[in-house]
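Per-entry structural report
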Amino acid sequence: MCMEYSDYADKIKDYCEQNQLDFSKVGSMVRGCGADDIIFQYYDRTKGTEGLRDETRMPVVLIIKREGNALLFEQTEHTRKYLS
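So, here is what we can say about the structure in this document. Computed from a predicted model, the values in this text were never measured in an experiment.

Definitions and cut-offs
Residues numbered from 1 in each chain as written. Predicted model: local features only at pLDDT ≥ 70, side-chain atom pairs only at ≥ 80, totals over all residues. Heavy atoms only, no water. Disulfide = S-S within 2.5 Å. Helix = DSSP H or I, 4+ residues; strand = E, 2+ residues; numbered from the N terminus. Buried < 20%, exposed > 50% of the residue type's maximum accessible area, 1.4 Å probe, protein only. Phe/Tyr/Trp six-rings, centres within 6.5 Å; stacked < 30°, edge-to-face > 60°. Core = buried A, V, L, I, M, F, W, Y, C linked by side-chain atoms within 4.5 Å. Contact = heavy atoms within 4.5 Å.

1. What to know about the state of the cysteines
- Considering all chains together, one arrives at 1 disulfide under this definition.
- Disulfide pairing is shown between C2 and C33; the S-S distance is 2.1 Å. Handedness here is read from the sign of the S-S torsion; for C2 and C33, about 105 degrees, the answer is right-handed. A residue pair is termed long-range when its members are at least 10 positions apart, and C2 in the segment before helix 1 (5–18) and C33 in strand 1 (residues 30–34) qualify at 31 residues.
- Classification of C2 by relative accessible area gives partly exposed; the value is 30%.

2. Quick notes on the packing of aromatic side chains
- Taken as a whole, this structure holds 3 aromatic pairs when the rule is applied.
- Pairing Y5 with F40 gives two aromatic rings, centres 5.9 Å apart and planes at 75 degrees, and the pair type is edge-to-face. Of the two residues, Y5 is situated in helix 1 and F40 in strand 2 (residues 37–41); the sequence distance between them amounts to 35 residues.
- When the centroid spacing of 4.0 Å and the interplanar angle of 5 degrees are considered together, the rings of Y15 and F73 count as stacked. Note that Y15 is positioned in helix 1 and F73 in strand 4 (residues 70–75), a separation of 58 residues in sequence.

3. What about the nonpolar core?
- Of all hydrophobic cores here, the largest spans 18 residues; its most connected members are I12, V26, F40, I64 and L83.
- Counting only elements with at least two residues in this core, the list comes to helix 1, strand 2, strand 3 (60–67) and helix 3 (79–83).
- No other element matches the 6 residues that helix 1 contributes to this core.
- If sequence neighbours within four positions are ignored, I64 has contacts with M3, I12, D36, D37, I38, F40, L71, L72 and F73.

4. Section: the environment of Y15
- Taking the relative accessible area as the measure of exposure, Y15 reaches 14% and is therefore buried.
- C-alpha separation for the pair Y15 and L71, spaced 56 residues apart in sequence, amounts to 10.0 Å.
- Excluding residues within four positions of it along the chain, Y15 makes contact with L21, L62, F73 and Q75.

All quantities given are derived from atomic positions and should not be read as evidence of function.
Given below as structure tokens:
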């Protein structure tokens, strides 16, 4: 079962506030999820129309991993650019 964004939105919001990131932008990002992670990517709608089908690049902006009951947040080199 995939980690659902809606199940962790409050914790993600808290993390964003503590790290001066714009939580409102996170919700509109492309998300990929696994059993224990969620990956947020930026999709520039002006550079492509079909996402992966036309190979539009979507930089990874934020990675969240679940370890037990804890969430581990990992910023990337794109985090500040797209979430400030």
